[in-house]
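Architecture at a glance
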Amino acid sequence: LYQERERLATVLLCNILGGPATNSILNSILREKYGWVYGVECGYTQFADTGLVAITLGCDKANLDKCLKAIDKEIAKLQSEPLSERKLKAAKKQLLGQLAISGDNGETQCLSMGKGLLAYGKITGDRKTKDLVDGITAEDVREMARVIFAPEKLSRLIYI
């Protein structure tokens, strides 16, 4: 929660991998290309001393193994190959757009400001947030993929 660069790189990584847009990597492959899932998401929950990244999906049992292999393959790519400058720029633009849209919701904005006050003792303005997101590099995203998705840190919970 308090490592600003790592936190924002993780938010961007999760957005790229399985964010709310249909152009996220997992949505593009698992849903749009193959039609294996009803939906797929990647989310990040921050805590003071740790965090949780979860990839969730809904699919038929027959497609589960294919989905898991495809997810592992895409994570391996993110760990080994830095994003191109074009993809990174597009991902940042999309994330900032999503943040701007969520800022239109008064309740969401108040909750975000409250969280900022409780966690950091300040409210980070839109300009500062944009500057922080713009400062994230392809290597930052790749490093977070390596750290978060290290095999020894992973676990799976499968409901059938």
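Notes on the structure in this doc start here. (Residues numbered from 1 in each chain as written. Predicted model: local features only at pLDDT ≥ 70, side-chain atom pairs only at ≥ 80, totals over all residues. Heavy atoms only, no water.)

The next thing to look at is the environment of Gln-109. Counting through the fold element by element, Gln-109 comes out in helix α5 (residues 106–120). By relative accessible area, Gln-109 is classed as partly exposed at 37%. Along the backbone, Gln-109 and Gln-98 are eleven residues apart, and their C-alpha atoms lie at a distance of 13 Å. Residues within four places of Gln-109 in sequence aside, it is in contact with Ser-102 and Gly-103. (Helix = DSSP H or I, 4+ residues; strand = E, 2+ residues; numbered from the N terminus. Buried < 20%, exposed > 50% of the residue type's maximum accessible area, 1.4 Å probe, protein only. Contact = heavy atoms within 4.5 Å.)

It is at 10 Å that the axes of helix α4 (residues 85–102) and helix α6 (residues 126–134) come closest, and there the two elements cross at 160°. Looking at the two axes, α4 sits roughly antiparallel to α6. For the pair α4 and α6, the crossing hand works out as right-handed. Counted together, Lys-92, Leu-95, Leu-96 and Leu-99 of α4 and Thr-129, Lys-130, Val-133 and Asp-134 of α6 form the full contact between these two elements. (Axes fitted to C-alpha atoms, helices over the stretch in contact; angles between N-to-C directions. Parallel < 35°, antiparallel > 145°, perpendicular 65-115°, else oblique. Left-handed = near helix turned anticlockwise from the far one by under 90°.)

Here we come to the packing of aromatic side chains. For the coordinates displayed, the defined rule picks out one aromatic pair. With a centroid separation of 4.3 Å and 10° between ring planes, the pair formed by Tyr-34 and Trp-36 is classed as stacked. Here Tyr-34 falls in the partly exposed class, since its relative accessible area comes to 41%. (Phe/Tyr/Trp six-rings, centres within 6.5 Å; stacked < 30°, edge-to-face > 60°.)

Let's shift gears to the pairing of strand β2 (residues 51–59). Two strands pair when backbone bridges link them, and strand β1 (residues 37–46) and β2 are joined in this way by nine bridges, in the antiparallel orientation. Its bridge partner being in β2, Gly-43 is matched across the sheet by Ala-54. Connecting the antiparallel pair β1 and β2 is a turn made up of four residues. (Pairing = 2+ DSSP bridges.)

With that settled, the discussion passes to the environment of Ala-91. Along the chain, Ala-91 turns up in helix α4. Judged by its relative accessible area of 11%, Ala-91 falls in the buried class. Spatially, the C-alpha atom of Ala-91 lies 7.7 Å from that of Asn-15, the residues being 76 residues apart in sequence. With sequence-adjacent residues up to four places away left out, Ala-91 is seen in contact with Leu-12 and Ile-16.

This part covers helix α2 (residues 25–33). An α-helical turn contains 3.6 residues, so a residue and the one three or four places further along point in the same direction. Among all positions in α2, only Ile-25, Leu-26, Asn-27, Ile-29 and Leu-30 are buried. In this structure, the buried residues of α2 make contact with α1 (4–18), β1, β2 and α3 (64–80). Count one or two residues on from α2 and you reach Gly-35, which has phi positive near 70°.

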